[in-house]
Amino acid sequence: MTEANAPDGTAREAAGSPLTPVLTRRWLSPESWSLRTYEQLEGYTALRTALSLHPDQLTELVKAAGLRGRGGAGFPSGVKWGFMPKDRSRPHYLVINADEGEPGTCKDVPLMMADPHSLLEGCVIAAYAMRANNCMIYVRGEALHCIRRLHHAVREAYEAGYLGENILDSGFDLDVVVHAGAGAYICGEETALLDSLEGKRGQPRLKPPFPAQAGLYSSPTTVNNVETIASVPHIVNGGSDWFRGMGREKSPGPKIFSLSGHVERPGQYEAPLGTTLRELLELAGGMKDGIPLKFWTPGGSSTPLFTADHLDVPLDFEGAAEAGSMLGTTALMIFNETVSVPWAVMKWTQFYEHESCGKCTPCREGCFWLAQVLERMVQGRGTEQDIDTLLDVCDNVLGRSFCALGDGAVSPITSGIKYFREEFLALCESNRGQDTTEEPALAGVAR
Amino acid sequence: MTVAPASGNDTAQSRPVPEGHVRLTIDGIEVDAPQGELVIRTAERLGIVIPRFCDHPLLDPAGACRQCLVEVEVNGKPMPKPAASCTTAVADGMVVRTQQTSQVADKAQQGVMELLLINHPLDCPICDKGGECPLQNQALKHGRGDSRFVDTKRTFPKPVSISSQILLDRERCVLCQRCTRFSKQIAGDPFIELLERGATQQIGTGEQQPFQSYFSGNTIQICPVGALTSAAYRFRSRPFDLVSTPGVCEHCSSGCSQRTDWRRGKVMRRLAGEDPEVNEEWNCDKGRFAFRYATASDRITRPMVRDADSGELRETSWTEALRKAADGLLNARDSRGVGVLPGGRLTREDAYAYGKFARVALGTNDIDHRARPHSNEELDFLGSSVVGTGPEDGVSYASLEAAPAVLCVAFEPEEESPIVFLRLRKAARDSGTRVFHLGQWDSPGVEKTTHIADSGSPIHSGGLLRCLPGGEAAALYELPSEVEQALGEPGSVLLLGERCSQVSGVYTAAMRLAERTGARIAWIPRRAGERGAVEAGTLPTLLPNGRPVSDSVVRSGIERAWGMSTGSLPSVPGRDIDGILAAAESGELSGLLVGGLDPADLPDPEQARRALRAAGFLVSLELRPTGVTEHADVVLPIAPTVEKSGTFLNWEGRPREFEITIEGTGAVPDCRVLDTLAVEMDVDLFTQTPQAVAAEIRRLGPNPGARPKPPDIPAEPVTEPSGDRALLASWRHLLDNGSMQHDEPNLAGTARPPVARVSHGTARRLGLEPHQPIRVSTERGTIALESEVVEIPDGVVWLPGNSGPAEVNEVLGVGHGAVVGIAAGTAPAPGTTPGQREPGGEELPAVAGNGHTSNGHGPPAHGSNGNGQAGIDGGGA
Ligand SMILES: Cc1cc2nc3c(=O)[nH]c(=O)nc-3n(C[C@H](O)[C@H](O)[C@H](O)COP(=O)(O)O)c2cc1C
Ligand code: SF4
Ligand code: SF4
Ligand code: SF4
Ligand code: FES
């Protein structure tokens, strides 16, 4: 796990640095995960403020702050909260998506490791706003250490009266359950997550009904990402104007950028939305050993690749989209010139083949096929025609799948071929002219 | 397909959109569709067929296969990606472009088709589905001619058995989830599930947990590929070699429409037919798989007479057999008379012929088709409240679906009328119907109609009202107020099962309850022929169409219609089945004419056999040898259902007509045999063909007179016996030792294992270890069966009626509600079958029980404390 590279947690803004340590500002404090440290550093002060407000005022506050979901899609959080019914005829649920499965993404786990109480405080405020008395935190099962820490924090919070019945004498009750997933990427998709939480096979549900109408146990539910919810106490304390003071008009606020790969100092860098890779690279000490940048993902492997041409793309929801990719989870996987694009693309495709849930035809069969073609190419047994086949199969998967996993699966392939076609061609050089489709389509042996 | 321009398109603008509808355009055609309709259905109504695999109109949408993608515009804005037409509901102003007008949709569909095929085996030539395979058809219609896939296909060992009947070929599976959704949503038997993920996702069952469902065959039928096949039909034929004939199932009173596929005079398979008002698109495995009894090697094809010298039956000509039969019956008639036992499996037309034969040729009302436990109270109930009703004015499947509450009284829907069971589930799942059961234990059928597991949270509704066997009548007077209230909501229904005839006072109690609450009553017999026979008049008190025997005006009308002289119809009600048998045994009757029944069906098979043995002259009309055959003087072969035409009335009273499926076998229906036999006796029945009979029934019309009076029998109190005695509760499994399931080993493998059920308390009392056999005895015999502890009242033991060694009538000579002896049995040696039947003569405590109330004697009234209170289990709104 990467430790925070943010400067010591006290200064709100280090002069001259583009860093804006908000979510990360306590990470380097001693025993930052403990309730004591948290309380010393403004912990649970936002909760007191929040509980004195009307729930709907909190939703309005989050709307005004312009907070957008940090789980990948960037949906405005206040709007999402507003979808929850106001009546309490059925139980309401708040579900925290801490599955963090997107390749390259490593912000939620460090946040929960270093500052679990900020998530819990956010949970109480959000649950209060949405009139939910139950909150589930669905954590990726492999993150065992993190789960223990969360359990510990939950216990501390119960003992201190921040959770449980009649929280801080407000009359508001909240129970938090930490649930360990079993390690399936698809269980990060919010409806698959809900099925998994219900003890069922984790596969995405048909929408509508949307979770706000019929989510967990067919009751009104909101699913939010860890980072989204951990931002909430800061908004309550700082106000929407303060929050909007960072980032850009449509994508306000600070964001944890996870830099990994060929950089000198990989890690979490919290900076305003709209920061560029060039700026982030500077913070991270530049490319490792000075070997030039070749390609990178702006937000995990499901977001189309960028190249060195995109160093100045503002990394916010609009900026990334305008440049042909997506902000995703701001997981910047950075590769230098020593890395073969087809090889990296093959690795990612193998991931999607492994993680496709199997529900729908395009993703299930498409990933299976794409992975085989790429494996064959990387072994030097591809043909130029395979490149066309790859692109056409991608076209038949993108936007045809049941959920966004299928869309994400083809991103590396289409963008990889778009920017680095010659690398794919070079791999096929030895097979030029060979028309592989003349081979019989009969099955061989099982793979 | 060419798209016709919308007719009257210009005027359409001015046409108002009907209430609850929206107006949209599909491939340029403007159409109004009910709100919430799925685009794929609206398109279908326009004749635009969008290819699909996972979509099924009776299952919740899944959107899994993605074959049905179309382009959609809402509010003038194109949706960013193609939408699955099977999950997209219509909306006002929506513009839909299918593969016919959109390149994007066409390419998307081609792409999905190609993806479905990359891992599909080239099995068509050896695949059962070949020739009727949606994948094959759609691939040929919309797919590519060649394959771009040159890599390694996914393979699985094939096939795997998921039950003794169903085989699964995972390579052919397109993972549409129709089978799993059917099993979960419709049947409530989620024993098949998706396993693994991604490209290795597959259908499978739990370890050591086969696909246990009475409805499993439906998954074969709705599987859009050849992934699910049946052991019975696998590799037997190709669809294009088969002739398909619509028919009606002869197994139970649900009345399923079915399709029989046959070739060269032989039935190869049966499928569920489509009838939205009755079986929708489903049937049960008995209806689907049990048909080889009709071609069993021991089928009787030639008439037989008993040789005077050898005493053995010998085959002979129809002429001789009919002559002998006519002579014998005439003699017997003129001596002390003949009783007629037609059995409950006949068509209405055949039953009518028996009824007319009895009255006209034999001059008697001694006729009763109820070859099962029965009572006089039941007789009165049938005459006063059942006969003459139909789906229009009585309870129907549709009324079950619409009912706020349904109470099943001594009725086990899953075992006795599987389509009623499916409809109750549908009602509970979709319309919030609360289903209550008055019974003894939380059987699978009770569980599945009261706890509906589904996507989302399970629905809990209704519940079991536990009472002692025989205590059903008393319980109906003391229902929990919640149930009584629910039944008071308009449209609620009481369903009375066959077992009611073994509980004294229950019909009366149900009618009182109906009066109190306004609920309507339906009678659901088990056998397919029972309802029609009531109508046809094969009861000692009823002439055709509900005319009471005792009404002189009605009688003279029938006399005129039948061309009889005035006053020639017997005017006193006849004997019921027990009475007829007793009279035959004592010599008060000189002869018997017996249709398709087996002594073992009767409440007291031993008495039945004595009567058959003693009968002066016995004529048997049969398909295969039974316990009747060995005593018969003349045996006349008759046609099985597939070789004749006729009408079954299902429990609703709905006529289910069918034509001959297999022609030219020379087999003739009962009505024709009886007609010819009557001619030999110088009587004209005019029942030569079922069509002629049907016409006569129509001409007769409904009963012009008053209905007979309803029964008025008080409820008998029942008390819990102690010590080594228990009350017997018993009903039959759908799949059991029944003779019409003969020669179907794969089907038999899916039957529920026969076990005896007792409470914790009873088990403790007997010192039973888990699974230790329990011995259930009367003075006649003992049934030893593996025990299972369930929540059932103490002092009650439940046995399946006719499964494995548990042949309750035969071995014990008593039925539901009787007092029996119970004792712990010896644990079976490993490897032996769990239960065994033992010969009679067992020593047991003095037990006088005969649970049948067939003679109107009422159940054994041991003790005097009323036991009517029934609490609701697992209920709640
Ligand atoms: C295949 C797939 C995987 C996902 N994994 C995650 C995840 O691990 N964590 C997460 O927060 N959101 C994940 N999402 C996004 C969620 O579906 C959902 O949009 C998000 O949790 C909503 O929270 P937010 O509004 O706070 O961003 C995933 C989506 C898809 C399609
Ligand atoms: S795109 Fe389809 S197969 Fe892939 S994860 Fe989503 S639902 Fe499952
Ligand atoms: S399922 Fe259909 S396409 Fe597949 S092998 Fe069988 S007949 Fe052919
Ligand atoms: S076995 Fe048949 S019905 Fe079941 S998922 Fe596979 S293709 Fe669909
Ligand atoms: S038929 Fe529509 S997705 Fe399968």
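Chain B appears in an unreviewed UniProt entry as NADH-quinone oxidoreductase from Actinopolyspora xinjiangensis.

Looking up chain A in an unreviewed UniProt entry gives the name NADH-quinone oxidoreductase subunit F, with the organism given as Actinopolyspora xinjiangensis. Recorded under Sequence similarities (unreviewed entry), the UniProt text for chain A is reproduced unchanged: "Belongs to the complex I 51 kDa subunit family." Database annotation for chain A, UniProt heading Function (unreviewed entry): "NDH-1 shuttles electrons from NADH, via FMN and iron-sulfur (Fe-S) centers, to quinones in the respiratory chain."

A. Representation of the domain arrangement of chain B. Residue and element names in this part refer to chain B. Assigned domains within chain B: domain 1 (9-115), domain 2 (124-130 + 149-289), domain 3 (304-372 + 531-700), domain 4 (378-526) and domain 5 (725-861). Contact residues are listed per partner, giving 13 residues for domain 2 and nine residues for domain 5. When the residues that make up the side of domain 2 that touches domain 5 are grouped by side-chain class, the tally is five nonpolar, six polar and two charged.

B. Spatial organisation of the site of ligand 1. All names here are of chain A. Around ligand 1 there are 24 residues in total, and Gly 69, Gly 71, Gly 188, Asn 225 and Thr 228 lie nearest to it. Counting only elements with at least two residues in the shell around ligand 1, the list comes to β4 (221-225) and α17 (404-428). When residues of the shell around ligand 1 are assigned to their parent elements, the largest contribution, three residues, is made by β4. Tallied by class, the residues present in the shell around ligand 1 amount to eight nonpolar, ten polar and six charged. Per-domain counts for the shell around ligand 1 show at least three residues from each of domain 1 (35-244) and domain 3 (341-438).

C. Main features of the domain arrangement of chain A. All names here are of chain A. Here the domain parsing of chain A yields domain 1 (35-244), domain 2 (254-330) and domain 3 (341-438). For domain 1 and domain 3, the distance between their C-alpha centroids amounts to 36 Å. Within the side of domain 1 that touches domain 3, the residues separate by chemical class into six nonpolar, two polar and one charged.

D. Region of interest: the UniProt feature "domain: 4Fe-4S His(Cys)3-ligated-type" (unreviewed entry) in chain B. The sites that UniProt annotates as "domain: 4Fe-4S His(Cys)3-ligated-type" (unreviewed entry) are residues 104-143 of chain B. Between the end C-alpha atoms of residues 104-143 of chain B there is a gap of 15 Å, over a span that is 60% helix and 0% strand.

E. Up close: the sheet that holds strand β27 (residues 591-594) of chain B. Residue and element names in this part refer to chain B. Read from one edge to the other, the open sheet built from six strands follows the order β16-β15-β29-β28-β27-β17, with strand pairing classed as mixed. With one partner strand each, in any of the chains shown, β16 (313-315) and β17 (338-341) form the two edges of the open sheet. Between one strand axis and the next, the sheet turns by 15° as a mean value, whatever way the strands run. The pairing of strand β28 (residues 617-622) with strand β29 (residues 634-637) spans four bridges and is parallel. When the bridges of β29 are listed, Ser 620 appears paired with Val 635.

F. The interface of chain B and chain A, seen in detail. Of the residues lining the interface, 36 residues belong to chain B; the matching set on chain A comes to 41 residues. Top element by residues in the side of chain B that touches chain A is helix α3 (residues 103-118) of chain B. It accounts for six residues. Residue composition of the side of chain B that touches chain A, by class: 17 nonpolar, eleven polar and eight charged.

G. Expanded view of the UniProt feature "domain: 4Fe-4S Mo/W bis-MGD-type" (unreviewed entry) in chain B. When the UniProt feature table is mapped to this numbering, "domain: 4Fe-4S Mo/W bis-MGD-type" (unreviewed entry) covers residues 242-298 of chain B. Across residues 242-298 of chain B one finds 9% helix and 35% strand; the C-alpha atoms that close the span lie 26 Å apart.

Conventions we followed
- Residues numbered from 1 in each chain as written.
- Chains lettered and ligands numbered in written order.
- Predicted model: local features only at pLDDT ≥ 70, side-chain atom pairs only at ≥ 80, totals over all residues.
- UniProt positions renumbered as here; feature names shortened; annotations may be inferred.
- Domains from an automatic or database assignment.
- Contact = placed C-beta atoms within 7 Å.
- Nonpolar A, V, L, I, M, F, W, Y, C, P; charged D, E, K, R; others polar.
- Near = placed C-beta within 6 Å.
- Helix = DSSP H or I, 4+ residues; strand = E, 2+ residues; numbered from the N terminus.
- Pairing = 2+ DSSP bridges.
- Axes fitted to C-alpha atoms, helices over the stretch in contact; angles between N-to-C directions.

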